[in-house]
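Letter by letter, the chains look like this.
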Amino acid sequence: MRFPAASVAFLLASCDAFVPQYAGNSRKTARSSTTELYANRKARRAGQKNQNKKKPANQQAFGEATNTATTSSPPREEDASSSSSLPVSTPDPGVLEAVEIEKPTVSRFIEDENGLKRIADGKSVMDVTTGQAVKLSSYGPEYRLAEMFPGVPPNVRSSLRFDRSTVEPMQLLEGLKKAVVGPDGKIPGKKVTDAGLDYMIANRDLLGEGMKKMIGRLKLKNQSEMELDEARFYRDLWFHYMVLEQKISAPFRQIVLDAEMKIGPNFGNLDVKSYCGGDMYERAGAFIVFKAMVALWEKKVVDARDIEETPRTRQNFIELLCIGDPKRYLPNSTTIWKMDECAKICLMAQKLSDAFVSEPELFDDLPVELRFIEAATKITDGTELRRFMIEDFCPKEEITPEGLREGMRRLVCQCQQMQIDSYGDFTILIEKLSDAIAKGSPDERDPYFDWNYNPDANAPGYFQTYTFDHDINSMVRFLDNAKTVEEGSMGPTDEIVNQFQIGMNFFQDNEKAEREEKYRLKKQNVIDDGPYEPPEKRAIGRPHMMGWLEALDDDYGENRGYSDPQKFEADDWEEIPSN
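Residues numbered from 1 in each chain as written. Predicted model: local features only at pLDDT ≥ 70, side-chain atom pairs only at ≥ 80, totals over all residues. Heavy atoms only, no water.

Trainee: Help me understand a nonpolar patch on the surface, please; the structure alone is not making it clear to me.
Mentor: A grouping of Phe 468, Met 545 and Leu 549 is seen on the molecular surface, where their side chains present a nonpolar patch of about 240 Å² in accessible area. As for its position among the elements, Leu 549 is in the segment after helix H25 (536-539). Judged by its relative accessible area of 37%, Leu 549 falls in the partly exposed class. (Patch = residues over 30% accessible without salt bridge, like charges linked within 9 Å, V, L, I, M, F, W, Y side chains within 5 Å. Areas by Shrake-Rupley, 256 points an atom, 1.4 Å probe, with all protein chains shown as cover. Salt bridge = Lys/Arg side-chain N within 4 Å of Asp/Glu carboxyl O. Helix = DSSP H or I, 4+ residues; strand = E, 2+ residues; numbered from the N terminus. Buried < 20%, exposed > 50% of the residue type's maximum accessible area, 1.4 Å probe, protein only.)

Trainee: How should I be thinking about the packing of helix H19 (residues 401-415) against helix H20 (residues 420-438) in this particular structure?
Mentor: Helix-helix packing is characterised by the crossing angle of the two axes and by the distance between the axes. Across the interface, H19 lies against H20 with an axial gap of 9 Å and an inter-helix angle of 160°. Considered as vectors, H19 and H20 are oriented roughly antiparallel to each other. Classified by chirality, the crossing of H20 by H19 is left-handed. For the pair H19 and H20, contact is made by Arg 405, Met 408, Arg 409, Leu 411, Val 412 and Cys 415 and by Phe 426, Thr 427, Ile 430, Glu 431, Leu 433, Ser 434, Ile 437 and Ala 438, respectively. The residue makeup of the contact of H19 with H20, split by class, is nine nonpolar, two polar and three charged. (Axes fitted to C-alpha atoms, helices over the stretch in contact; angles between N-to-C directions. Parallel < 35°, antiparallel > 145°, perpendicular 65-115°, else oblique. Left-handed = near helix turned anticlockwise from the far one by under 90°. Contact = heavy atoms within 4.5 Å. Nonpolar A, V, L, I, M, F, W, Y, C, P; charged D, E, K, R; others polar.)

Trainee: Looking at this structure, I do not really get the packing of helix H8 (residues 169-180) against helix H11 (residues 228-263). What am I missing?
Mentor: Viewed as axis vectors pointing N to C, H8 and H11 meet at an angle of 80°, and their least axial separation amounts to 12 Å. Taken together, H8 and H11 sit at an angle that is classed as roughly perpendicular. Only Phe 233, Tyr 234, Leu 237, His 240, Tyr 241 and Leu 244 of H11 make contact with H8, whose side of the interface consists of Leu 173, Leu 176, Lys 177 and Val 180. A class-by-class count of the residues in the contact of H8 with H11 yields eight nonpolar, one polar and one charged.

Written as structure tokens, this is what we have:
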């Protein structure tokens, strides 16, 4: 059975949301492993000139196809499940072209219709140490599976591995320094060593985001105390640490990206065996894509319900503004965010995931962590989940609870390197699952808590923050000067709404926005009353304009991935040819 023609656009839009979104993660550099670099300062300045630039014809076709879908009626339950094979109807060639244009062979700069520069997604993940496409092992599927879920030999593990229940963060940090700092005292920057990789892999689940934050705090702590040499050291160590993370996770990301390319064009086809078969590493990648797809669209359904069911008032304007995908506010946006649209795609994503899991030859021999995720997400009670793990799952799989908990933490570390738009919700899900199964065990302890989350001045990771100057026309100054703030409210929300609307008008009519801004300031009769003094409620005892945050701005170390603090690293990226 085929979907109605209007539903094809939904499938293609979902495909567009999931087929190669992260340019092989070439956009996720070591300096910004999980942050998208869609735009830079140059592009934003150029945006004003390109506001009314006409879209390419094929892009218009895709937008029109998506808009057509918004008026279609929800598919009936029997339509979505009446066949085990549900091929998607052949779409208009212009729509296909619009989808394909987003998938160049190599990563490259493009300028979108708003004049903003961004990285066009490629078909290969970039190896940050070589600048070339990642190459999976040529020794066969078992080696590729080992690259996807890396480990170290038992003798290396026993010599480098720390015990999570007793290890202190400084022990882990000293071990990292010993592994990566050369005899000359320098850190190798974008080059990696076997010693560094072995240490990272042996302690992968003990390092992760916690160590990244700790190194960043040490850099800022030393910088605030004007210990600039130490700050430079931790800045370069921080950079190298993220290079190691990107290097280790690159095969995982490539395998998942390959799975996206297979699943995207087949979204809606419940005959998953026809396009998700293959070796274990390929099926593992497909499982992750399916589960991430479900998590993403379930979250979109929740957001859409909140947006549609919550009455809009000036009091909750900002709250509603923060819900869902902000790209829906862009002009001519093709973002899918309405309740009926999201529900249709979510329903199909769930059915595809269930179809994959129900095929024994696709699912039953996958790595134990993935099979545990499938079983555990059906259990809502934490106590029952831990009972299931200890009494049922682990004995059946012949694995210890400690081993399963470690495997789950390692999987979380890998997923944290994925693109946050598509995989953020899935990563949060498995991270919460990992925390739930560790509750009440020695693994529940977070070694980095005092370093990263303790605001006390005596905490080891504490550094002195300070307040900044704010422009007289800024939102901060406006809120500071507000005279009447009702209890439980944000203050004069009429003016807040006006400022947000002016900000959003940047994407629509810059001249109009400029006129409205001038009128607002004239009406407000704003005058410069001298140097900015933050109110006590904002300052909370902090000093003002200490300046240490800019202390290294003129220091261009050779190990940094960029040379100008006022310039995005992405400004210097060039096309990367694939081999």
